[in-house]
Amino acid sequence: MSDIDQQSMREAVLVAASARLTCRPNPWVGAVIVAVDGRRFSGFTQPVGQAHAEVQALRAAGNAARGATMFVTLEPCNHFGRTPPCTEAIIAAGIKHVVVGVLDPDSRVAGTGVARLREAGIRVDVGVSADLVADQLAPYLHHRRTGRPFVVLKLAMTIDGYIAAKSGSGGWITGETARRRVHQMRAESDAILVGAGTVRADDPQLTAREVSGPSPRRIVLGRAPRDARVHPCTEWSGSLPDLLDSLGSEGIVQLMVEGGAKTAASFHEAGLINRYVFHIAPAVMGGGDAVAAFAGDTAATLADVWRGRLVSTQALGDDVEVIIEPERGQP
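The paragraphs below set out a description of the structure included in this document. (Residues numbered from 1 in each chain as written. Predicted model: local features only at pLDDT ≥ 70, side-chain atom pairs only at ≥ 80, totals over all residues. Heavy atoms only, no water.)

1. Regarding the overall build of the protein
Regarding its fold elements, the protein presents ten helices and 15 strands. Relative to the compact-globule value of 20 Å for 331 residues, the protein shows a C-alpha radius of gyration of 22 Å, a close match. Over its C-alpha atoms, taken along the principal directions, the protein stretches across nearly 65 × 40 × 35 Å. In the protein, buried positions account for 49% of the 331 residues. Within the protein, contacts between residues at least 6 apart in sequence are counted, and of these 71% link residues at least 24 apart. Here the protein has roughly 15,600 Å² of accessible surface; of this, 50% comes from carbon and sulfur atoms. (Helix = DSSP H or I, 4+ residues; strand = E, 2+ residues; numbered from the N terminus. Rg over C-alpha atoms; globule rule 2.2 N^0.38 Å. Buried < 20%, exposed > 50% of the residue type's maximum accessible area, 1.4 Å probe, protein only. Contact = heavy atoms within 4.5 Å. Areas by Shrake-Rupley, 256 points an atom, 1.4 Å probe, with all protein chains shown as cover.)

In structure tokens, the structure reads:
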């Protein structure tokens, strides 16, 4: 693929971001059509029951779609759901070349979209900027492959690794910019989870208040006090794997875990976290008796230390966000 092809796919990824908070339970997909005369048209997945990205882009292009090339982040659907198959719309519009970022692992698609387009005489290329697209669609792809939600752990901590003072008293560790980012993450998640101890200590609302987006479904490990602000919520007392299986079957694509230390440790030790998001403040708790990010015993030796791969870092005001994921091939 040429640099121009990769540039067009990156444009489709940027377009797809517009759908992130509005299209669920559908995947957030972007499409770009490059007409024969060079004009460009785009579309992204609309709210559920409305047009997918491909159809939106075709509507924008109109007659200019004939003979054009379409770049789409995810394989076009080839089945009747809430909307007709996107493959048939692409064929009817006269598109001659389709470039796909990644195949859709959903059992209703799984390569049949590409096969249908090729059957109709359309040239199809797959895998352009695949890593970029797979990162954007990671929660969706994980859910379709495993049947479980993509688990994101978020912890705010001091630079020496503590998430609360030894008294257990509440308060903000990070600043306003980091807190807005947390609300964005909540809006991107279908459900959010904390332990009952965090509910008793902090009485959090667990809603997305500082961004324009939906608030996630609230889940508490254990029992929440009757007057807690987290209500209405789901209270869970079973195993974590069973919880993920249950949530996945209910269409929960992304689960955000916000603590506390025991809950974080439980998910970590079970190898159930897909992405770790640490918000680190330029603050030092000092000593060794405050609340560490993860409860339980520390690694006995350096050889026993869990190590992931660094995904990204960014400044959030005076704080720093560090995103880590497990090494590929490990829990």
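There is more to say after this.
2. So, the environment of Pro282
Considering the arrangement of structural elements, one finds Pro282 in the loop between β12 (275–281) and β13 (291–292). For the pair Pro282 and Met157, spaced 125 residues apart in sequence, the C-alpha separation works out to 9.2 Å. Not counting chain neighbours up to four residues away, the residues in contact with Pro282 comprise Asp318 and Asp319.

3. Overview of the environment of Val13
Looking at the element boundaries, Val13 is found in helix α1 (residues 3–16). For the pair Val13 and Phe71, spaced 58 residues apart in sequence, the C-alpha separation works out to 9.8 Å. Val13 has contacts with Thr73, Leu132, Val133 and Gln136, leaving out every residue within four places of it along the chain.

4. Description of the sheet that holds β12
An order of β10-β9-β8-β11-β6-β12-β15-β14 is seen for the eight strands of this open sheet, with the pairing classed as mixed. With partners counted over all chains shown, the strands left at the sheet margins are β10 (234–236) and β14 (308–316), one partner each. Within this sheet the neighbouring strands show an average axis-to-axis angle of 20 degrees, counted without direction. Looking at chain direction, strand β8 (residues 191–195) and strand β9 (residues 217–221) are connected through five bridges and run parallel. Counted as the bridge partner of Ile192 is Arg218 from β9. Strands in contact with helix α7 (residues 176–188) are β6 (150–158), β8, β11 (254–257), β12, β14 and β15 (319–326); relative to β11, the strand with the most contacts, it is inclined by about 145 degrees. (Pairing = 2+ DSSP bridges. Axes fitted to C-alpha atoms, helices over the stretch in contact; angles between N-to-C directions.)

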